[in-house]
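# Remarks on the overall topology
The residues making up each chain are set out below.
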Number of protein chains: 2
Amino acid sequence: MGKNKPQALPGKTVERLSQYRRILYNSIREGKTNIYSHELAKMMNLTPVQVRRDLMLIGYSGSQSKGYVVKDLVTLIGKIIDSDKGQRIIVVGMGNLGRAITSYFSGKREKLSIAAAFDNDLQKTDRIVAGIPCYHINQIKEYVEKEGISIAVLTVSPEATHDVSKKLLEAGIKGILNYTSVPLTVPEDVHLEEYDIVTSLEKLAYLVK
Amino acid sequence: MGKNKPQALPGKTVERLSQYRRILYNSIREGKTNIYSHELAKMMNLTPVQVRRDLMLIGYSGSQSKGYVVKDLVTLIGKIIDSDKGQRIIVVGMGNLGRAITSYFSGKREKLSIAAAFDNDLQKTDRIVAGIPCYHINQIKEYVEKEGISIAVLTVSPEATHDVSKKLLEAGIKGILNYTSVPLTVPEDVHLEEYDIVTSLEKLAYLVK
DNA sequence: TTTATATTGTGAACAAAATATCAACACGAT
DNA sequence: ATCGTGTTGATATTTTGTTCACAATATAAA
Ligand SMILES: NC(=O)c1ccc[n+]([C@@H]2O[C@H](COP(=O)([O-])OP(=O)(O)OC[C@H]3O[C@@H](n4cnc5c(N)ncnc54)[C@H](O)[C@@H]3O)[C@@H](O)[C@H]2O)c1
Ligand SMILES: NC(=O)c1ccc[n+]([C@@H]2O[C@H](COP(=O)([O-])OP(=O)(O)OC[C@H]3O[C@@H](n4cnc5c(N)ncnc54)[C@H](O)[C@@H]3O)[C@@H](O)[C@H]2O)c1
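So, a few notes on the structure that sits alongside this text. (Residues numbered from 1 in each chain as written. Chains lettered and ligands numbered in written order. Predicted model: local features only at pLDDT ≥ 70, side-chain atom pairs only at ≥ 80, totals over all residues. Heavy atoms only, no water.)

## Observations regarding the protein's contact with DNA strand D
Selection criterion: It suffices for a single heavy atom of a residue to lie within 4 Å of a molecule or strand for the residue to be listed as near it. In protein, a polar contact means a hydrogen-donor-capable atom and an acceptor-capable atom, both N or O and within 3.5 Å, with residues adjacent in sequence counting only if both atoms are side-chain atoms; elsewhere, any N or O pair within 3.5 Å suffices. Note on conventions: DSSP H or I runs of at least 4 residues are helices, E runs of at least 2 residues are strands, and numbering of each starts at the N terminus. The nonpolar class holds Ala, Val, Leu, Ile, Met, Phe, Trp, Tyr, Cys and Pro. Asp, Glu, Lys and Arg form the charged class, and all remaining residues, Gly among them, are polar.
Around DNA strand D, the structure places 22 residues, and the nearest of them are Ser37, Arg52, Ser61 and Gly62 of chain A together with Arg16 of chain B. Counting only atoms of DNA strand D within 4 Å of the protein, the sugar-phosphate share comes to 72%. Between Ser37 of chain A and DNA strand D, the recorded distance is 2.6 Å, taken from a side-chain N or O atom to a phosphate oxygen. Taking Tyr68 of chain A, its side chain carries an N or O atom lying 3.1 Å from a phosphate oxygen of DNA strand D. Those elements giving two or more residues to the surface near DNA strand D turn out to be α2 (37-44) and α3 (48-57) of chain A together with α1 (11-29) and α3 (48-57) of chain B. Its residues assigned to classes, the surface near DNA strand D comprises six nonpolar, twelve polar and four charged.

## Re the interface of chain B and chain A
Put simply, the rule is: Contacts are residue-level and defined by heavy atoms, with any inter-residue pair within 4.5 Å sufficient. Buried area, as used here, totals the accessible surface that two parts lose on assembly, with accessibility defined by a 1.4 Å probe and the loss added over both. Between Lys or Arg on one side and Asp or Glu on the other, a salt bridge is scored when a side-chain nitrogen of the former is within 4 Å of a carboxyl oxygen of the latter.
The partner chain A presents 60 residues to the 60 residues of chain B that form the contact. Summed over both partners, the interface of chain B with chain A buries about 5,400 Å², with 63% contributed by carbon and sulfur atoms. Considering only the surface of chain B that becomes buried against chain A, Leu201, Glu202 and Tyr206 of chain B emerge as the three largest contributors, covering 13% of it. The salt bridge partner of Glu202 of chain B is Arg21 of chain A, with a shortest N-O separation of 3.0 Å. At the junction of chain B with chain A, the criterion picks out 32 residue pairs in polar contact (both at pLDDT 80 or more). Looking at side-chain class alone, the side of chain B that touches chain A contains 31 nonpolar, 16 polar and 13 charged residues.

## Digging into the packing of helix α6 (residues 140-147) of chain A against helix α7 (residues 161-171) of chain A
Residue and element names in this part refer to chain A. What counts, and what does not: Orientation is described by lines fitted to C-alpha atoms, with helices fitted over the stretch in contact, and by angles between N-to-C directions that extend from 0 to 180 degrees. Handedness of a crossing follows from how the near helix is turned relative to the far one, being left-handed for an anticlockwise turn of less than a right angle and right-handed for a clockwise one.
In the contact formed by α6 and α7, the axes pass within 9 Å of each other and the chain directions differ by 35 degrees. Considering the relative orientation of α6 and α7, their crossing is right-handed. Across the interface between the two elements, Ile140, Lys141, Val144 and Glu145 of α6 pack against Lys167, Leu168, Glu170 and Ala171 of α7.

## What to know about the site of ligand 1
Leu97, Asp119, Lys124, Val156 and Ser157 of chain A are the nearest of the 23 residues found near ligand 1. Residues within reach of ligand 1 are spread across chains A and B. At 3.3 Å, a backbone N or O of Gly95 of chain A approaches an oxygen atom of ligand 1. For ligand 1, an oxygen atom lies 2.6 Å from a polar atom in the side chain of Lys124 of chain A. Among the elements of the structure, α5 (96-105) of chain A together with α5 (96-105) of chain B are those that each provide at least two residues to the shell around ligand 1. If one sorts the elements of the shell around ligand 1 by residue count, α5 of chain B sits on top with three residues. The residue inventory of the shell around ligand 1, partitioned by class, reads twelve nonpolar, eight polar and three charged.

## Here's the deal with the protein's contact with DNA strand C
With respect to spatial proximity, 20 residues lie near DNA strand C, and among them Ser37, Arg52, Arg53, Ser61 and Gly62 of chain B are the closest. Each atom of DNA strand C within 4 Å of the protein was classed as base or backbone; sugar and phosphate made up 61%. One of the side-chain N or O atoms of Ser65 of chain A is found 3.2 Å from a phosphate oxygen in DNA strand C. Here Ser61 of chain B contributes a side-chain N or O atom positioned 3.2 Å from a phosphate oxygen of DNA strand C. Class assignment for the residues of the surface near DNA strand C results in five nonpolar, ten polar and five charged.

Below, the structure is given as structure tokens:
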């Protein structure tokens, strides 16, 4: 098993750990108990060296003869990524994208679940949408504080982004996954991940060109 | 205006260029004709140096007194990112996510439009879905060749991913934006961008923890 | 004119990430 | 016992991306 929990893992390594784990779940399902760096690398489209470096960083050691013990590795990655009691997150903006994400997640992960959604459209609030309760945006502070939520997925319309992000910060949210195309600014102690489909597509367009 | 088109721009720079442009469109709409690096930086949450470096790389020069000419900059970024005749792309897998993306895009960009969708669910094929025609996946090669499509957004179910990606490659697709949680392998001459929501969320969970 | 201030453009230093290299080890074959 | 193969773990090197520091320039004010 692993030795000690390092202070700060490189961002890219954390991303890959999440993906290693997903792939390893499949391997377990297929009855695989041990795995070599080159096997894992192939499944992820990486080099074996990269895999070993990542595992080295989390302090996990394999054996030269059998490689890595899949179950132990999954457990260790869980210890690094997951919170002990699991993370409950909220979706803010229950439009097309918000609903797609919510439907996708429902009952998928054990340690990461969508607890509720928020919107300002009265057609959507105070009822179950895509399997989870959807409340009015004005209730967000109360809810977040009561339920101890710290992560929000932001999928409101672009015009509302700044306003709503302010509300998230006021409510005490500590991690925002921003899918609106509007760049956000957050205080130092809040973590922000941004992703924009159009940017990805335009990058592809540039590369293909 | 710009001097000459450099051979290969850093990937991150290309991503930022796409975002500069979106923000600059807003500035134009607000009547702004010139902009300083620090203004653009603030809107994007970057340092002014980073902005200037990016613009340097694309060979665009501003003036010390007026900064950059917004319109010219937008034009130059367009020359770099856009194809002359525009790119028509396809969405493969018309589920929740595919539909969200399609609805979002409809009529949004001039140079980047979703031409058609493909699925294997007969409930969805041979009709208009979310504003665009949806065909059966078996027709994809014919369509792609006839219409000269080179970019595909992949949003099929995880189990179908490998099969469908093979079909995309056979059809001659040169750029794939893969939103399934299954890592893909593609030949050298095909460009691949992958993004996974769960990974982003787990990264956030790690950071917040 | 001279000075102060604000800006761009860029070489150089720095940091992060990916890749290459290799010693040490385990184990089966001989 | 010993060799050959395939593996890990660690260090070194290369590549990619960001930031620093400052020269050059423009403008406005004194
Ligand atoms: N759907 C996509 O593929 C896609 C792609 C790129 C970017 N985006 C961005 O993601 C965001 C959501 O996209 P979408 O397609 O789901 O849009 P959408 O219009 O379907 O959904 C937006 C939702 O936000 C809600 N909303 C608006 N103002 C609000 C407020 N003040 N408080 C709470 N809720 C509010 C609306 O009621 C609506 O339900 C947008 O910012 C869009 O630019 C979406
Ligand atoms: N929705 C999300 O937020 C989300 C998040 C992360 C990952 N993903 C991934 O994105 C993909 C799509 O997600 P979704 O929520 O839209 O799922 P979905 O089930 O709603 O849609 C999948 C679509 O793919 C089609 N399909 C299945 N096999 C096909 C085949 N062989 N050829 C053509 N079409 C086929 C189905 O008919 C369906 O329309 C999945 O791989 C999922 O894991 C989605």
